[in-house]
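Read off the chains here:
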Amino acid sequence: MTSQIPALTQPDTPRTDSVFSILSGFYSLDSGVPGLSQVILDKLNMKDYGEYRAAVEGKAEGISFRNYKEMFKKMEETFEFCTSCNRLPARLAEGQTLKRCVKCLNVYYCTKECQRKDWPLHKKVCKMLRLVAIDRLVEWLMFTGDLPLPTAKWSKPAAEVKNWDDWLGMQEDLAPRLDAASSGANMATLWKNVGRPRPADSDLQASLWRIQSEFLSRVLAVGTALRHFGLDPRAKPLTVHIAGASHNETMGARPTDYDELNNMFPGHQGIEVVLVGPEVADGPVTRPPLRSFGPRQRVYVSAHKGLYHHFWEDVVEKEEAAKPDLVVGFHPGFHANQGLLEGWLPTLLLLRDYDIPSFFTVFSEAELEASLHILQELEMHVRDSGTNPFSAQKPEQRHSSPNKAPVYCNSHYVRFQGSLPRAD
Ligand SMILES: [Zn+2]
Ligand SMILES: [Zn+2]
């Protein structure tokens, strides 16, 4: 049985020189809870990080579990450590077991003492972590095909759809679809196998929506960026490169993933989306980019594995791929450590020197500040930045520090193009 791999959250305090964000993720887990990354590998029956990378890139057979019960159990076990003293199960005393917080069913403690000591911190996030614990199970429905739910044609022009409320106002079928997904066969299978009570249908529907919003937040970021740069796909066909596409965005990616752009720009001339990154997972979108314009009123998605500046030299400059009208990056993380910055630097300079409209999203305001600082040092011409109205609605728990305030995918953005104008 092949199945999903627990996604690792972004690094909090990474310490690595790797250009691969997966490895930074692992190292940052260990800096929070020493030994946690090894626990994850053990649960997945993997011997090292290389094997993990091969699996998330789709090279290995996939990770096999005997049954759903085992799969969900092993996934949950990667969250089992004492939130107060960071102790892992292997370091508990004889006969001692970790106890789960009964309110959120998300965090664990080795003793009552540890739980009591942690409560002043944990109480601020306990309610939210309850939702997160539901989401990380319901997310499995992305792999069964129940999610993402189909969406409706837009009844308003894109300029009038400014936030999620506007978008939801056009989606009359969403409620019945959420209802159907929450009462579907896969949802039933899920709760039969996870070893915890099934939440109320309203909780499940809210969770399905949060996960759907994360998926859509990427597509809408692309559409928003096109609009902000005044690029109109109804006037001419457009090519969008997603630089630094990760395993999170490409594992299980389908050729229809960017179809919401058809609803956003009805009657467009053809939009091509190329996902490029060293962690691109093999799948149905792993195919060559277009060399000439794609079909009108269709979005064509392809993926290329490699660093963006290598893709540029090896493919774009040889005219085997169209030059981009826009480059988008989701959570590039180049602010996080030297290794990631070094991987990104040639790409950032290339975007600047070729004057390419660029739009990057980040997880939080702090990350935005740090990213802006780097872009300013590179004398990039930052056009604007701020909160993204189509931020994902699903809170992201910091895997090794669950009491930290959650972050949200694509919560903030920065838009830049070219070099700063010279002051003379
Ligand atoms: Zn403890
Ligand atoms: Zn709790």
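Residues numbered from 1 in each chain as written. Chains lettered and ligands numbered in written order. Predicted model: local features only at pLDDT ≥ 70, side-chain atom pairs only at ≥ 80, totals over all residues.

*Asks:* Can you walk me through the overall build of the chain in this structure?
*Replies:* Check the secondary structure of the chain and you find 16 helices and 11 strands. Taking all 424 residues of the chain together, 43% fall into the buried category. Within the chain, contacts between residues separated by at least 24 positions form 76% of all contacts whose residues are at least 6 apart in sequence. (Helix = DSSP H or I, 4+ residues; strand = E, 2+ residues; numbered from the N terminus. Buried ≥ 20, exposed ≤ 12 C-beta atoms within 10 Å, placed from the backbone. Contact = placed C-beta atoms within 7 Å.)

*Asks:* Just to check I follow, could you spell out the nonpolar core for this structure?
*Replies:* What tends to happen in soluble globular proteins is that the nonpolar side chains get buried as a cluster. Formed by 60 residues in total, the largest nonpolar core has its most connected members in Val-222, Ile-242, Val-273, Leu-275 and Val-328. Sort the elements by how many residues they give to this core and helix H11 (residues 201–228) lands first, with 7 residues. Once residues lying within four places of it in the same chain are set aside, the contact partners of Val-222 are Val-240, Tyr-258, Leu-261 and Val-328. Residues Met-75, Leu-137, Leu-204 and Trp-209 belong to the second largest nonpolar core, which totals 34 residues. (Core = buried A, V, L, I, M, F, W, Y, C linked by C-beta atoms within 7 Å.)

*Asks:* Explanation requested: unusual backbone geometry in the structure shown.
*Replies:* Excluding glycine, a negative phi dihedral is what most residues carry, and trans is how most peptide bonds are arranged. For the bond from Leu-147 to Pro-148, the omega torsion is -5°, close enough to zero to count as cis. Note on placement: Pro-148 falls in the loop between helix H7 (141–144) and helix H8 (164–168). At His-331, a position not held by glycine, the phi torsion is positive, near 50°. Locating His-331 in the fold gives a position in the loop between strand S6 (326–330) and helix H15 (338–353). The phi dihedral of Asp-355 is positive, around 60°, even though this residue is not glycine. Here Asp-355 falls in the exposed class, since 11 other C-beta atoms lie within 10 Å of it.

*Asks:* Looking at this structure, how should I read the sheet that holds S6?
*Replies:* Within a sheet, adjacent strands bond to each other through the backbone by hydrogen bonds, running parallel or antiparallel. Read across the open sheet, the 7 strands follow the order S5-S4-S3-S6-S7-S11-S8; overall the sheet is mixed. Only two strands of the sheet have a single partner each, and these edge strands are strand S5 (299–305) and strand S8 (380–387). Put simply, the sheet's adjacent strands are angled 20° from each other on average, direction ignored. The pairing of S8 with strand S11 (residues 412–419) spans 6 bridges and is classified as antiparallel. Bridge assignment links Gly-386 to a residue of S11, and that residue is Tyr-413. (Pairing = 2+ DSSP bridges. Axes fitted to C-alpha atoms, helices over the stretch in contact; angles between N-to-C directions.)

*Asks:* I tried to follow the environment of Arg-291 on my own but got confused; where do I start?
*Replies:* The topology assignment puts Arg-291 in the loop between strand S4 (271–277) and S5. The exposure class assigned to Arg-291 is exposed, which follows from the 10 C-beta atoms found within 10 Å. Separated by 30 residues in sequence, Arg-291 and Ala-321 place their C-alpha atoms 5.0 Å apart. Setting aside anything within four residues of it in sequence, one finds Arg-291 in contact with Glu-320 and Ala-321.

Functional significance is not addressed by these values, which are geometric in nature.
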